[in-house]
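Coordinate analysis (summary)
Okay, here's what each chain looks like letter by letter:
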Amino acid sequence: MKILDGKSTSASVKAMIKKQANSLIEVGIKPALAVILVGENKASKTYVNAKEKACKECDIASIIHRLPEQTKQEELLALINVLNIDDSVDAILVQLPLPKHIDEKIVLESIKDSKDVDGFHALNVGKLSSGLDGFVPCTPLGVKVMLDEYGIDVSGLNAVVVGRSNIVGKPMANLLLNANATVTIAHSHTKNLSEICKNADLIVAAIGKPKFITADMVRDKAVVVDVGINRLDDGSLCGDVDYENVSKKASFITPVPGGVGPMTIAMLLSNTIKSATNRAKKLGLK
Ligand code: GUN
């Protein structure tokens, strides 16, 4: 069994991003990511702090807007509009989840698609599904880049994505399909989940239930990617996969933490550089 090490893979990706950021800075383009955090969600605060730190490490400017829980939807939309038309801002990310009084769909659609580094805007969703170049959501992109880095070619593999969220499951399935995998999307209504998983050469678990994928659901030598991050009662973190037992069968497996998580942030930086490069090209600087 080999570990898919997201920490070391993301470190080499980030080293490359820092070089690209500096080559943009040399031509007068400082790559810039704007992040909007509304409210007091603890996990969201941690993620936003991690994004800020990663930007700093890679010489990308981060502009963090921390707004109170009571922020009105119109106020949020007005801020997004300001960032949309600000040419010095390459990338806009609204941290999810948003407070209940705000309509997430309206907010995500209001972000200019050319700055939508989360890849959640319908135009980018459509581009991914049509195999066109656009922004791909960071977590599934991080999974794909990590598989590539370890030389895992998914072409022809039976891939099972467990989870059908817009953030992970659906874009993950599209990425794998675009790379010629045979893809099944399983979810909470799926019958015979265990049988379906047992048939998989590659399982991507994005369910949000601790240790949901057990060893009896996994075929010998399968590749197992765990997108879950769950906090247990004792305060420890665990994924959606029963790592201790599944790792004895898998050919490759991601640990939690240190697997998919660090790759997600690296892909956010990568998408920001992609947008800044587009800005430089438009200005004839690249
Ligand atoms: N909340 C959890 N994951 C994500 C993500 O990938 N992007 C944003 N914007 N919010 C999230």
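Residues numbered from 1 in each chain as written. Predicted model: local features only at pLDDT ≥ 70, side-chain atom pairs only at ≥ 80, totals over all residues. Heavy atoms only, no water.

**Focus: unusual backbone geometry**
- Residue Leu96 is joined to Pro97 through a cis peptide bond whose omega torsion reads 0°.
- Within the fold, Pro97 resides in the loop between strand 4 (91-94) and helix 4 (104-110).
- Of note, Lys211 is a non-glycine position whose phi angle comes to about 50°, a positive value.
- Residue placement: Lys211 occurs in the loop between strand 7 (202-205) and strand 8 (223-226).
- Residue Lys211 is classed as partly exposed on the basis of its relative accessible area, which comes to 45%. (Helix = DSSP H or I, 4+ residues; strand = E, 2+ residues; numbered from the N terminus. Buried < 20%, exposed > 50% of the residue type's maximum accessible area, 1.4 Å probe, protein only.)

**Concerning a nonpolar patch on the surface**
- Taken together, the side chains of Val27, Leu283 and Leu285 present a nonpolar region at the surface, about 240 Å² in accessible area.
- Relative to the assigned elements, Val27 resides in the loop between helix 1 (6-26) and strand 2 (32-38).
- Looking at Val27, the relative accessible area reads 31%, which means it is partly exposed. (Patch = residues over 30% accessible without salt bridge, like charges linked within 9 Å, V, L, I, M, F, W, Y side chains within 5 Å. Areas by Shrake-Rupley, 256 points an atom, 1.4 Å probe, with all protein chains shown as cover. Salt bridge = Lys/Arg side-chain N within 4 Å of Asp/Glu carboxyl O.)

**A look at the state of the cysteines**
- Counted under the stated rule, the structure contains zero disulfides.
- Free cysteine Cys58: the closest other cysteine sulfur is in Cys55, separated by 7.7 Å.
- Unpaired in this structure, Cys238 has its nearest cysteine sulfur neighbour in Cys197, at a distance of 17 Å. (Disulfide = S-S within 2.5 Å.)

**Some details on the sheet that holds strand 4**
- Taken in spatial order, the three strands make up an open sheet running 3-2-4, and their pairing is parallel. Strands with a single pairing partner mark the edges of an open sheet, and in this sheet they are strand 3 (61-67) and strand 4. Going across the sheet, the axis of each strand differs from the next one's by a mean of 15°, ignoring polarity.
- Across the sheet, helix 2 (residues 42-57) lies against strand 2, strand 3 and strand 4, angled at about 160° from strand 3, the strand it touches most.
- Of the strands in this sheet, strand 2, strand 3 and strand 4 touch helix 3 (residues 73-85), which is tilted by about 180° from strand 2. (Pairing = 2+ DSSP bridges. Axes fitted to C-alpha atoms, helices over the stretch in contact; angles between N-to-C directions. Contact = heavy atoms within 4.5 Å.)

**Remarks on the UniProt feature "domain: Tetrahydrofolate dehydrogenase/cyclohydrolase NAD(P)-binding" (unreviewed entry) in the chain**
- Under the feature "domain: Tetrahydrofolate dehydrogenase/cyclohydrolase NAD(P)-binding" (unreviewed entry), the UniProt entry names residues 137-278.
- Annotation note: span residues 137-278, helix share 36%, strand share 17%, distance between end C-alpha atoms 18 Å. (UniProt positions renumbered as here; feature names shortened; annotations may be inferred.)

**Quick look at the site of the ligand**
- Residues in contact with the ligand, as listed here, are Leu93, Val94, Gln95, Leu96, Asp118, Phe120 and Ile167.
- Here Val94 contributes a backbone N or O atom positioned 2.8 Å from a nitrogen atom of the ligand.
- Protein burial of the ligand: of its 280 Å² of free accessible surface, 81% is covered by the chains.
- A majority-of-atoms criterion places the ligand in the largest pocket.
- Grouping the amino acids of the shell around the ligand by side-chain chemistry returns five nonpolar, one polar and one charged. (Near = heavy atom within 4 Å. Polar contact = N/O pair within 3.5 Å; in protein donor to acceptor, adjacent residues only side chain to side chain. 1 Å grid on protein atoms, 1.4 Å probe; cavity = no way out; pocket = protein on both sides within 12 Å on 5 of 7 lines; lining within 4 Å. Sits in = over half its atoms within 2 Å of the grid points. Nonpolar A, V, L, I, M, F, W, Y, C, P; charged D, E, K, R; others polar.)

**Side note on the layout of surface pockets**
- Volume-wise, the largest pocket comes out at about 1,600 Å³.
- Element by element, the count of residues in the lining of the largest pocket is highest for helix 2, at ten residues.
- For the lining of the largest pocket, the per-class residue count stands at 24 nonpolar, 14 polar and ten charged. (Points joined across faces, edges and corners; volume = space filled by probe spheres on them.)

**Focus: the environment of Ile111**
- Residue position: Ile111 is located in the loop between helix 4 and helix 5 (122-130).
- Remark: the alpha-carbon pair of Ile111 and Ser10, spanning 101 residues in sequence, is separated by 27 Å.
- Not counting residues up to four positions away in its chain, the partners in contact with Ile111 are Ile80, Asn84, Ile92, Val94, Asp116 and His121.

**So, the side chain of Lys51**
- Position of Lys51 relative to the elements: it lies in helix 2.
- An unpaired buried charge is present at Lys51: no salt bridge exists, and Asp118, the closest side chain of opposite charge, is 5.9 Å distant.
- Beyond its immediate sequence surroundings of up to four residues, Lys51 is in contact with Leu93, Gln95, Ile265 and Leu268. (Lys, Arg positive; Asp, Glu negative; His and termini not counted.)

**A closer look at the pattern of salt bridges**
- In total, this model carries nine salt bridges according to the counting rule given.
- Between Asp90 and Arg279 there is a salt bridge, and its shortest N-O distance comes to 2.7 Å. Placement of the pair is Asp90 in the loop between helix 3 and strand 4 and Arg279 in helix 10 (residues 260-282), with a sequence separation of 189 residues. Both residues of the pair, Asp90 and Arg279, count as buried.

**As for helix 1**
- Here helix 1 contains 21 residues, and its C-alpha end-to-end distance of 30 Å stays within 8% of the 30 Å for a straight helix at 1.5 Å per residue.
- Every buried residue of helix 1 is listed here: Gly6, Thr9, Ser10, Val13, Ile17, Ala21 and Leu24. Buried residues in helix 1, looked at end-on, bunch into an arc of 110°, giving them a common side. Relative to its buried face, helix 1 has exposed residues pointing more than 90 degrees away, namely Lys19 and Glu26.
- Against the buried residues of helix 1 lie helix 6 (138-149) and helix 10.
- For helix 1, the N-terminal capping position is held by Asp5, with its side-chain oxygen 2.9 Å away from the main-chain nitrogen of Lys7.
- Positive phi shows up at Gly28, right after helix 1, with a value of about 95°. (Expected span 1.5 Å × (residues − 1). Arc of directions from axis to C-beta.)

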